[in-house]
Amino acid sequence: MRWTLWVPLLLFAFFVGLAGYQLSQPKDEFIHSTMIGKPLPVFELKPASSSLPGVSTADFRDGKPKLLNIWASWCLPCIAEAPQLEALREAGVEIVGVAIRDKREDVDRFLEAHGNPYSRIGADHISAIQLEIGSSGVPETFVIDGQGIIRHQHIGDLRAENVPELLENLREAGQ
Amino acid sequence: MRALALFLAAMLAMPLAAQDTLPPAPYAYQQLEDPAQEAKAMELMHTLRCLKCQSQSIADSDAPMAGDMRHQVRTRIAAGEDPEAVRQWLVDRYGDYVSYEPRMTASTWPLFAIPLLLLLVAGAILWKRIGRRSEGGAGELFEEADV
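Below is a short write-up of the structure.

## Some words on the overall build of chain B
- Helices and strands together make up the secondary structure of chain B, namely five helices and zero strands.
- Across chain B, helices and strands are ordered from the amino to the carboxyl terminus as α-α-α-α-α.
- The buried share of chain B, taken over its 147 residues, is 21%.
- Nonlocal contacts in chain B, meaning residues at least 24 apart in sequence, comprise 54% of its contacts between residues at least 6 apart.

Given below as structure tokens:
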């Protein structure tokens, strides 16, 4: 029996093994931003709410790390993460919001109902800043260091266990 | 007349997929004034992947974010940017994921190399067999009965 006869079977076994391995790996459906380590784009957003100022790139260059929360009043997971943002604010974190495709009265109503952890909220009516920083949905939370460099991205709503993680990320960004 | 009214109403229908109440971005559903530029933008939009609806191109999708991406593509092309530069702008932000155009990279080169390799192997095997048969004389490629 020639050994080459076994080659197709070995190849087949290799592909079965490869498929089996890939199936056993957890699937990552998130689209991660490739802007980590890069500076925020230059932008200036008008205020999205009646009470807070708008947002510009300069606000991130004061030497203090901050969170940039991409959210919207029409986004249900954003309601779920409101208590976590509140906990971060109580821990002394400055949270800058960007409201995607949102109306002022809706933003005001949301802040009234679910609390206001933000220092400022900018209005992004055409997702321009969202696309600039590689964010693909709401809510997403970015850690921005004191020089305006994007340091970390959290995709999806913040859960209780993410609060200490983000505090750690902010501490690292401050070093 | 009634049919015409219904038809017009259907033409004005807003996409149902929209979750927010804002109107779409200016160039989400509006073509560029210059047909040549619009053709370039359209060709590019068919090869960019919608981030919200991952098996559609942004040209095919009614998701608000796809509309915002079309607005970016059209305004950038109207400003004179090359379509490949616009693609690169998105790839810089979302990685290869956002583009349907296959690229040769450190992880994709086997997809291009393996078919070539298999063709070479198949060619070599055929060459060997045909060569052997024509040498043999009696073992011609085609038997007389076949012809």
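## A look at the overall build of chain A
- What chain A contains, in helices and strands, is five helices and seven strands.
- Here the C-alpha radius of gyration of chain A, 21 Å, is well above what a compact globule of 175 residues would show, namely 16 Å.
- Along the three orthogonal principal directions, the C-alpha set of chain A runs to about 85 × 35 × 30 Å.
- Here chain A holds 175 residues, and 41% of them are scored as buried.
- Summarising the internal contacts of chain A: among those between residues at least 6 apart in sequence, 77% fall at separations of at least 24.

## Re the pairing of strand β6 (residues 140-144) of chain A
Residue and element names in this part refer to chain A.
- Buried residues dominate β6, accounting for five of its five residues.
- Here β6 shows two buried faces, one formed by Glu140, Phe142 and Ile144 and the other by Thr141 and Val143.
- As judged from the five bridges shared by strand β3 (residues 66-71) and β6, these two strands associate in the antiparallel manner. Residue Ile70 lies in a different strand from β6, and its bridge partner there is Glu140.
- Looking at chain direction, β6 and strand β7 (residues 150-155) are connected through five bridges and run antiparallel.

## Examining the interface of chain B and chain A
- At the junction of the two partners, chain B supplies 18 residues and chain A supplies 16 residues.
- Secondary-structure elements contributing two or more residues to the side of chain B that touches chain A are α3 (64-78) and α4 (83-94) of chain B.
- If one sorts the elements of the side of chain B that touches chain A by residue count, α3(B) sits on top with six residues.
- Residue composition of the side of chain B that touches chain A, by class: eight nonpolar, five polar and five charged.

## A short note on the nonpolar core
- Counting 39 residues, the largest nonpolar core has Ala72(A), Val98(A) and Ala99(A) as its most contacted members.
- Put simply, the parts of the chain that give this core at least two residues each are β3, α2 (76-90), β4 (95-100), α3 (104-114), β5 (118-124), β6 and α5 (162-173) of chain A.
- In this structure Val98(A) touches Leu45(A), Val55(A), Leu68(A), Ile70(A), Gly122(A), Asp124(A) and Ile129(A), once residues within four positions along its chain are discounted.
- One finds Ile31(A), Ala41(B), Cys50(B) and Val98(B) within the second-largest nonpolar core, a separate group that totals 18 residues.

## Describing the pairing of β3(A)
All names here are of chain A.
- In terms of burial, β3 is largely enclosed, as six of its six residues are buried.
- By the alternation rule, side chains of β3 split into Lys66, Leu68 and Ile70 and Leu67, Asn69 and Trp71, which are all buried.
- With α2 bridging β3 and the parallel β4, this β-α-β connection has right-handed handedness.

## Structural notes on the sheet that holds β3(A)
Residue and element names in this part refer to chain A.
- Across the sheet, five strands lie side by side as β5-β4-β3-β6-β7; this open sheet has mixed pairing. Single-partner strands in this sheet number two, and they are β5 and β7. With strand direction ignored, the average angle separating the axes of adjacent strands in the sheet is 20°.
- Where β3 and β4 come together, five bridges link them in parallel fashion. Pairing of Leu68 across the sheet is with Val96, part of β4.

## Observations regarding α4(B)
- Across its twelve residues, α4(B) extends 17 Å between first and last C-alpha, which sits within 8% of the 16 Å expected from 1.5 Å per residue.
- Taken together, the buried positions of α4(B) are occupied by Val86(B), Leu90(B), Arg93(B) and Tyr94(B). With its buried residues spanning 85° around the axis, α4(B) presents them on a single face. Summarising the geometry of α4(B), the exposed residues directed more than 90 degrees from the buried face are Glu84(B) and Ala85(B).
- Buried positions along α4(B) lie against α4 (128-132) of chain A together with α2 (35-45) and α3 of chain B.

## Regarding the packing of α2(B) against α4(B)
Residue and element names in this part refer to chain B.
- For the pair α2 and α4, the least separation of the axes is 10 Å and the interaxial angle reads 35°. In terms of crossing hand, the pair formed by α2 and α4 is right-handed. Contacts from Lys40, Glu43 and Leu44 of α2 reach α4 at Pro83, Val86 and Arg87.

## Some words on unusual backbone geometry
Residue and element names in this part refer to chain A.
- Here Val138 and Pro139 are connected by a cis peptide whose omega angle stands at -10°.
- Following the sequence through the fold, Pro139 ends up in the loop between α4 and β6.
- With a phi close to 45°, Arg101 is a non-glycine residue in the positive phi region.
- As for its placement among the helices and strands, Arg101 is situated in the loop between β4 and α3.
- Judged by the 27 C-beta atoms lying within 10 Å of it, Arg101 falls in the buried class.
- The backbone of Ser127 sits at a positive phi, close to 55°, despite the residue not being glycine.
- By the element assignment, Ser127 lies in the loop between β5 and α4.
- Under the C-beta neighbour-count criterion, Ser127 is labelled buried, with 27 such atoms within 10 Å.

Calculation rules
- Residues numbered from 1 in each chain as written.
- Chains lettered and ligands numbered in written order.
- Predicted model: local features only at pLDDT ≥ 70, side-chain atom pairs only at ≥ 80, totals over all residues.
- Helix = DSSP H or I, 4+ residues; strand = E, 2+ residues; numbered from the N terminus.
- Buried ≥ 20, exposed ≤ 12 C-beta atoms within 10 Å, placed from the backbone.
- Contact = placed C-beta atoms within 7 Å.
- Rg over C-alpha atoms; globule rule 2.2 N^0.38 Å.
- Pairing = 2+ DSSP bridges.
- Nonpolar A, V, L, I, M, F, W, Y, C, P; charged D, E, K, R; others polar.
- Core = buried A, V, L, I, M, F, W, Y, C linked by C-beta atoms within 7 Å.
- Right-handed = clockwise from strand over helix to strand, strands pointing away.
- Axes fitted to C-alpha atoms, helices over the stretch in contact; angles between N-to-C directions.
- Expected span 1.5 Å × (residues − 1).
- Arc of directions from axis to C-beta.
- Left-handed = near helix turned anticlockwise from the far one by under 90°.

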